[in-house]
Amino acid sequence: GMLDQLVASKGRTFFSTYYSTLTGYIMRMRGYASVKNKADGYLEGALKSSFYIFPDQHRNVMTQYQGLKGGNWEREFPVSWHDIDKGITELVTK
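Every value quoted in this text rests on a predicted model; they were computed, and no experiment measured them.

A. Broad picture of a nonpolar patch on the surface. On the surface, Leu3, Leu6 and Val7 cluster together into a nonpolar patch covering about 310 Å² of accessible area. By the secondary structure assignment, Val7 is in helix α1 (residues 2-9). Residue Val7 is classed as exposed on the basis of its relative accessible area of 57%.

Listed below in structure tokens is the structure:
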């Protein structure tokens, strides 16, 4: 449950399944932490130490920024944590 998600989000490396809502929220918390801790890839919205073990074609999806697309309710996108503290003017002029 919630405690499992909190503990898992703090790991050095994280492996999950692409279609899991439980691990989807863990990815979001890892994203928040990556910005706070300035982890490798945080400027691009990437989680360099987070991977999906199933299905294979999605293994490295979180290691690079991807915008929202489709009806993927089961996973998180970097837009959830990337640049959320900037004002709209900063984002438009970026």
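B. Focus on the nonpolar core. Core analysis: the largest hydrophobic core is formed by 9 residues, namely Phe14, Tyr18, Ile26, Met27, Leu47, Tyr52, Val61, Met62 and Trp81. Once residues lying within four places of it in the same chain are set aside, the contact partners of Phe14 are Ala8, Thr23, Ile26, Met27, Arg30, Ser49, Ser50 and Phe51.

C. Representation of the pattern of salt bridges within the structure. Tallied over the full model, the rule gives 2 salt bridges. Among the salt bridges present, the one from Arg28 reaches Glu76, with a minimum N-O distance of 2.7 Å. Residue Arg28 is located in helix α2 (residues 21-36), and its partner Glu76 is located in the loop between β2 (50-54) and α3 (88-92); the two are separated by 48 residues in the primary sequence. Owing to a relative accessible area of 13%, Glu76 belongs among the buried residues under this scheme. Between Arg59 and Asp56 there is a salt bridge, and its shortest N-O distance comes to 2.7 Å. What makes Arg59 partly exposed here is its relative accessible area of 33%.

D. Region of interest: the packing of α1 against α2. For the pair α1 and α2, interaxial distance at closest approach is 9 Å and the crossing angle is 45 degrees. It follows that α1 is oblique to α2 by the angle criterion. Both α1 and α2 take part in a crossing whose hand is right-handed. Here Gln5, Leu6, Ala8 and Ser9 of α1 lie close against α2, whose contacting residues are Thr21, Leu22, Tyr25, Ile26, Met29 and Arg30. Of the residues belonging to the contact of α1 with α2, the class tally is 6 nonpolar, 3 polar and 1 charged.

E. Just the packing of aromatic side chains, in detail. Taken as a whole and judged by the stated rule, the model has 3 aromatic pairs. When the centroid spacing of 5.4 Å and the interplanar angle of 25 degrees are considered together, the rings of Phe15 and Phe51 count as stacked. Of the two residues, Phe15 is situated in strand β1 (residues 14-17) and Phe51 in strand β2; the sequence distance between them amounts to 36 residues. According to the relative accessible area criterion, Phe51 is buried, its value standing at 19%.

About the criteria used
Residues numbered from 1 in each chain as written. Predicted model: local features only at pLDDT ≥ 70, side-chain atom pairs only at ≥ 80, totals over all residues. Heavy atoms only, no water. Patch = residues over 30% accessible without salt bridge, like charges linked within 9 Å, V, L, I, M, F, W, Y side chains within 5 Å. Areas by Shrake-Rupley, 256 points an atom, 1.4 Å probe, with all protein chains shown as cover. Salt bridge = Lys/Arg side-chain N within 4 Å of Asp/Glu carboxyl O. Helix = DSSP H or I, 4+ residues; strand = E, 2+ residues; numbered from the N terminus. Buried < 20%, exposed > 50% of the residue type's maximum accessible area, 1.4 Å probe, protein only. Core = buried A, V, L, I, M, F, W, Y, C linked by side-chain atoms within 4.5 Å. Contact = heavy atoms within 4.5 Å. Axes fitted to C-alpha atoms, helices over the stretch in contact; angles between N-to-C directions. Parallel < 35°, antiparallel > 145°, perpendicular 65-115°, else oblique. Left-handed = near helix turned anticlockwise from the far one by under 90°. Nonpolar A, V, L, I, M, F, W, Y, C, P; charged D, E, K, R; others polar. Phe/Tyr/Trp six-rings, centres within 6.5 Å; stacked < 30°, edge-to-face > 60°.

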